[in-house]
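# Chains, contacts and geometry: an overview
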Amino acid sequence: MNRRDLIKGLTLLPLAGSFPLDCLFAAPSGGVNAPFNPQKPMPDLHRKAFVMDGHTHVMTRELLMGTDIGQRYTDGNVDLPRAKEGGVDAMFFSVYTPEHYYPGRFEVKNTFRVVNLALDQIKKNSADIELALNASDIQRINKKGKMAAFLDLEGPFDMDGDINILRALHRLGLRSIQLPAHNTTNAFIDTCNDVSRWNGINDLGRKIIREMNDLGMVINIAHASNAAILQSVEASRHPLIYSHGGFYGIVPHPRCITDEAAKAMAAKGGVIGIHFGSLFNNPKYWAWQQTLKTSNETKPTTVQASPYKTIEEVDRQVSKEVPLSFKGKIPDEYWMGVDQLAKVIDYGVKLVGEDHMALGSDLDGGPELPREIKDISDYPQMTMALQRLGYSDKRIRKILGENWLRVIREVTGK
């Protein structure tokens, strides 16, 4: 057993009758913020596999509340102690600039703030996590028994698409960018929830894609319109990722990827990450939400005049929403379990193949989590759900993280 496996999964015998016989209890490495929790089952496969989440929100809380991701929180879904308990080896460390910052044109300033803070927090918690710039870095970091952070931007690097800003972020260590400005159409690509200005992407969008290909940056097309996904795939020399979402064939939400777009992505070697929320994956929940008319993501979010004069005013507004995790209640009949998520993954495997499916939880980004998942420490529940489908260990390993690692290696060249 290498050091990573030892730290990831110090094991004890399971309590008789408490959990399935194929499960072992995994204890994280030592550390005052990561005590052993004997109530969380972890299959031996999960403990040994490389596990990577394709979309985990970080830094919003730390930016606005001055907290430390290395400390255990009593709310929200993500912190490093709980990530270790969940057997997570790496994550797309997704820094976020929400719509609040766009009207006053504070998006660039906020993006640099959160990226710099992410680097500071990674350095501060270097005993547990390190920055990775490529797949080789991720593996090197894991061999030291640490988690790897692969920086990913959600929200615009610049609503105008200034390539110099893109290059500067690359120099800071950013290696993945979501092209759409979250739910808002920007100067070069249409989002799925907003007005269509470009019928997909325009020439600037193609120029940005070429630049990202040249820099070795992962292109993330989550939140893009169907036309924008298809055109981005065509324009890119490298595989793209769809970091977090569901399938339109299961839930007809505009944020879900169509079969056509999924097949195009797979043909280019891309990877689709399945979101953990009911809204994108549970038809019963979707139908219930439609009757209540509360599905806010279906509404256009075109940038309007800013009600805020300073970025500090925006901060105060966003801080009212922190943590960004789902805070509502779901009636039992609409509350899905992890087995429903596994069925969505199976839909994708049958559609595009096991080499193109992965997990992109969106933890701390607002998903209505399944019954069995309260936070990132419950990640092994996904492995157990895939095992119940009868999936082979090889297939499960791909979905848990190897597919993300492969696409990062292809894009970065290392």
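As a reminder, the structure under discussion sits directly above these lines.
Read on for a plain summary of the structure. Chains are numbered independently. Their residues run from 1 in the order of the written sequence. Local features in a predicted model are, by the rule used here, given only for residues with pLDDT of at least 70; side-chain atom pairs are given and counted only at 80 or more, and totals for whole chains, interfaces and linings are based on all residues. The basis for every side-chain value is the complete set of non-hydrogen atoms in the structure, without hydrogens or water.

### So, the pairing of strand S7 (residues 147-154)
- The buried fraction of S7 is high, at eight of eight residues.
- Two strands form a pair only when DSSP identifies at least two bridges running between them. Helix and strand assignments come from DSSP, with helices taken as H or I runs of at least 4 residues and strands as E runs of at least 2, each series counted from the N terminus. Alignment of strand S5 (residues 90-96) against S7, held across seven bridges, turns out to be parallel. What sits directly across from Phe92, in S7, is Phe150.
- Note on the crossover from strand S6 (residues 129-131) through helix H6 (residues 135-143) to S7: the handedness is right-handed.
- As judged from the two bridges shared by S7 and strand S8 (residues 176-178), these two strands associate in the parallel manner. Across the sheet, residue Leu153 finds its bridge partner in S8, namely Ile177. Only protein chains enter the area calculation, which uses a 1.4 Å probe; residues under 20% of their type maximum are buried, those over 50% are exposed, and those in between are partly exposed. Convention used here: a crossover is right-handed provided that the path from the first strand, over the helix, to the second strand proceeds clockwise when the strands point away from the viewer.

### Things to note about helix H15 (residues 380-388)
- In terms of burial, H15 is largely enclosed, as seven of its nine residues are buried.
- Following H15 by one or two positions, Gly390 adopts a phi angle in the positive range, close to 90°.

### Let's talk about the environment of Tyr73
- Within the fold, Tyr73 resides in the loop between helix H3 (60-65) and helix H4 (80-85).
- Every residue pair with non-hydrogen atoms within 4.5 Å of one another is taken to be in contact. Filtering out sequence-adjacent residues up to four positions away, Tyr73 remains in contact with Arg61, Glu62, Thr67, Asp68, Val78, Asp79 and Arg82.
- Any N or O atom pair separated by 3.5 Å or less is treated as a polar contact, with the protein-specific requirement of one donor-capable and one acceptor-capable atom, and with residues adjacent in sequence counted only for side-chain atom pairs. A polar contact is formed between the side chain of Tyr73 and the backbone nitrogen of Ile69, at a distance of 3.3 Å.

### Structural notes on the side chain of Glu130
- Mapped onto the fold, Glu130 is located in strand S6.
- Residue classification places Glu130 among the buried positions, given a relative accessible area of 15%.
- Those residues in contact with Glu130, other than ones at most four positions away along the chain, are Ile122, Arg140, Ile141, Lys144, Lys146, Met147, Ala148 and Ala149.

### A look at the pattern of salt bridges
- Salt bridge, as used here, is a side-chain nitrogen of Lys or Arg placed within 4 Å of a carboxyl oxygen of Asp or Glu. This structure, assessed with the given rule, holds 27 salt bridges.
- With its nearest N and O atoms 2.9 Å apart, the salt bridge here joins Glu354 to Lys398. A residue pair is termed long-range when its members are at least 10 positions apart, and Glu354 in the loop between helix H14 (338-352) and strand S12 (357-359) and Lys398 in helix H16 (residues 393-412) qualify at 44 residues.
- Taking the relative accessible area as the measure of exposure, Glu354 reaches 19% and is therefore buried.
- Judged by relative accessible area, Lys398 falls into the buried class, the value being 13%.
- Between Lys398 and Asp355 there is a salt bridge, and its shortest N-O distance comes to 2.7 Å. Placement of the pair is Lys398 in helix H16 and Asp355 in the loop between H14 and S12, with a sequence separation of 43 residues.

### Notes on the side chain of His57
- Checked against the element boundaries, His57 lands in strand S4 (residues 52-57).
- Judged by relative accessible area, which is 6%, His57 ranks as buried.
- Within the structure, the side chain of His57 is placed 3.3 Å from the side chain of His55, a separation counted as a polar contact.
- Engagement of the side chain of His57 in a polar contact is seen with the side chain of Glu154, the distance being 2.9 Å.
- Setting aside residues no more than four positions away along its own chain, His57 makes contact with Val78, Ser94, Tyr96, Glu154, Leu324, Asp362, Leu363, Asp364 and Gly365.

### A look at the packing of H15 against H16
- Axis geometry follows a simple rule: fit a line to the C-alpha atoms, using only the stretch in contact for helices, then measure angles between N-to-C directions, giving values from 0 to 180 degrees. Contact geometry for H15 and H16: axes closest at 10 Å, N-to-C directions at 150°. When the interaxial angle is binned, H15 and H16 end up roughly antiparallel. For H15 against H16, the interelement crossing comes out right-handed. The residues of H16 that touch H15, namely those facing Thr383, Leu386 and Gln387, are Ile396, Ile399 and Leu400.
- For the contact of H15 with H16, the residue count by class is four nonpolar, two polar and no charged. Geometric relationships in this document are graded by angle, where less than 35 degrees denotes roughly parallel, more than 145 denotes roughly antiparallel, 65 to 115 denotes roughly perpendicular, and other angles denote oblique. By convention the crossing between two helices is left-handed if the near helix lies anticlockwise of the far one by an angle smaller than a right angle, and right-handed if it lies clockwise. Note on residue categories: nonpolar means Ala, Val, Leu, Ile, Met, Phe, Trp, Tyr, Cys or Pro, charged means Asp, Glu, Lys or Arg, and polar means any other residue, Gly included.

### Quick look at the packing of aromatic side chains
- Here a Phe, Tyr or Trp ring, Trp counted by its six-membered ring, pairs with any other such ring whose centre lies within 6.5 Å, and the pair is stacked when the planes are under 30 degrees apart, edge-to-face when over 60, and tilted otherwise. Per the counting criterion, the structure on display carries seven aromatic pairs.
- Both rings, one in Tyr285 and one in Trp288, keep their centres 5.6 Å apart while their planes meet at 65°; by these two values the pair is edge-to-face. Linking Tyr285 with Trp288, this pair stays in helix H12 (residues 283-292), spanning three residues, or about one helical turn. For the pair shown, Tyr285 and Trp288 are each scored as buried.
- Classification of Trp288 by relative accessible area gives buried; the value is 18%.
- Site record: aromatic cluster; members linked through ring pairs are Phe92, Phe150 and Trp404.
- Either the NZ atom of lysine or the CZ atom of arginine qualifies as a charge over a ring when it sits within 6 Å of the ring centre and within 35 degrees of the ring normal. Of note, Arg61 hangs over the ring of Tyr73, and the distance from its end group to the ring centre comes to 3.8 Å.
- Across from the ring centre of Tyr391, 4.7 Å away, lies the NZ or CZ of Arg395, which sits over that ring.

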